[in-house]
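Summary of the model geometry
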Amino acid sequence: MMLREMTRKDNQGVKALVQRSLKLLGLDKPGTAYYDPELNDLYSFYQKENKGNYWVIEENGVIVGGVGIASFNEIICELQKLYVDTSVQGKGLASQLMNQALLFAENNYEACYLETHSDLGVACQLYDKYEFDLLSGPLEGSVHSAMDKWYLKKFK
């Protein structure tokens, strides 16, 4: 398996991973990343980001994991679309993706924000492990209305 930056040819593989993952969890509904308009061309979305990027893990030509960092505002980034295919879960891929994303984030921002759902218990445990603080509500400007947990990790 190889961790690398996303390329344009990965667009459909990442979209499929995100939507398949959310559907399995019953989160294929409005207000989640399932319906994000940029999913059709995620590569271009992250290329337009001044201080953003998306990384994938590929196995035998198939995207099995991914994570993104995008600007939330001038000093806070957002950890986005962290997904690992069920076929490879439990192999430490989420940690590899988190390490890559947070290293990038720490070098470019003062804090990292993320939104998730309480049904994603394993993901919430991961955010706790990486010392994200649970917030009482979303940051102003949040767009995923179906999410019910919000986290922030301060770097400085």
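Scoring rules and cut-offs
Residues numbered from 1 in each chain as written. Predicted model: local features only at pLDDT ≥ 70, side-chain atom pairs only at ≥ 80, totals over all residues. Heavy atoms only, no water. Helix = DSSP H or I, 4+ residues; strand = E, 2+ residues; numbered from the N terminus. Buried < 20%, exposed > 50% of the residue type's maximum accessible area, 1.4 Å probe, protein only. Expected span 1.5 Å × (residues − 1). Arc of directions from axis to C-beta. 1 Å grid on protein atoms, 1.4 Å probe; cavity = no way out; pocket = protein on both sides within 12 Å on 5 of 7 lines; lining within 4 Å. Points joined across faces, edges and corners; volume = space filled by probe spheres on them. Nonpolar A, V, L, I, M, F, W, Y, C, P; charged D, E, K, R; others polar. Phe/Tyr/Trp six-rings, centres within 6.5 Å; stacked < 30°, edge-to-face > 60°. Lys NZ or Arg CZ within 6 Å of the ring centre and 35° of its normal. Pairing = 2+ DSSP bridges. Axes fitted to C-alpha atoms, helices over the stretch in contact; angles between N-to-C directions. Contact = heavy atoms within 4.5 Å.

A short note on unusual backbone geometry
With a phi angle near 50°, asparagine 60 is a residue other than glycine that sits in the positive phi range. If you trace the backbone, asparagine 60 turns up in the loop between strand E2 (53-59) and strand E3 (62-71). On the basis of relative accessible area, asparagine 60 is assigned to the exposed category, the value being 76%. Backbone geometry at glutamate 131 places phi at a positive 60°, although glycine is not the residue there. Residue position: glutamate 131 is located in the loop between helix H4 (121-129) and strand E6 (133-135). You can call glutamate 131 exposed: its relative accessible area is 60%.

Focus: helix H1 (residues 11-24)
Over its 14 residues, H1 runs 20 Å from end to end, which matches the ideal 20 Å to within 8%, given 1.5 Å per residue. Listing the buried residues of H1 in full gives Asn11, Val14, Lys15, Leu17, Val18, Ser21 and Leu22. Within H1, the buried residues cover an arc of 160° as seen down the axis, which keeps them to one side. Projecting away from the buried face of H1 at angles above 90 degrees are the exposed residues Gln12, Lys23 and Leu24.

A word on helix H3 (residues 93-108)
For H3, built from 16 residues, the straight-helix expectation of 22 Å at 1.5 Å per residue is met to within 8% by its first-to-last C-alpha distance of 23 Å. Those residues of H3 not exposed but buried are Leu93, Ser95, Leu97, Met98, Ala101, Leu102, Phe104 and Ala105.

Quick notes on the layout of surface pockets
Each pocket or cavity is described by its volume, and for the largest pocket that value is around 750 Å³. Contributing to the lining of the largest pocket are 34 residues, with Leu82, Tyr83, Leu120, Ala123 and Tyr127 lying nearest its centre. The element best represented in the lining of the largest pocket is strand E4 (residues 76-84), accounting for 7 residues. Across the lining of the largest pocket, the residue classes tally to 18 nonpolar, 11 polar and 5 charged.

Side note on the packing of aromatic side chains
A complete count under the given rule lists 7 aromatic pairs for this structure. Ring centres of tyrosine 46 and tyrosine 54 lie 5.3 Å apart, and the angle between their planes is 45°; this geometry places the pair in the tilted category. Among the aromatic side chains, those forming a connected cluster through ring pairs are Phe45, Tyr46 and Tyr54. Over the ring of tyrosine 109 we find lysine 51; its NZ or CZ atom is 4.6 Å from the centre of that ring.

Let's talk about the sheet that holds strand E1 (residues 2-5)
What the 7 strands build is an open sheet, ordered E1-E2-E3-E4-E5-E7-E6; its pairing is mixed. Of all strands in the sheet, those bounded by a partner on one side alone are E1 and E6. This sheet shows a mean twist of 25° between the axes of neighbouring strands, independent of strand direction. Sheet analysis places E3 next to E4, joined by 6 bridges and oriented antiparallel. Counterpart to isoleucine 69 in the pairing with E4 is leucine 79. Across the sheet, H3 is in contact with E1, E2, E3, E4, strand E5 (111-116) and strand E7 (149-154); its angle to E4 comes to roughly 165°.

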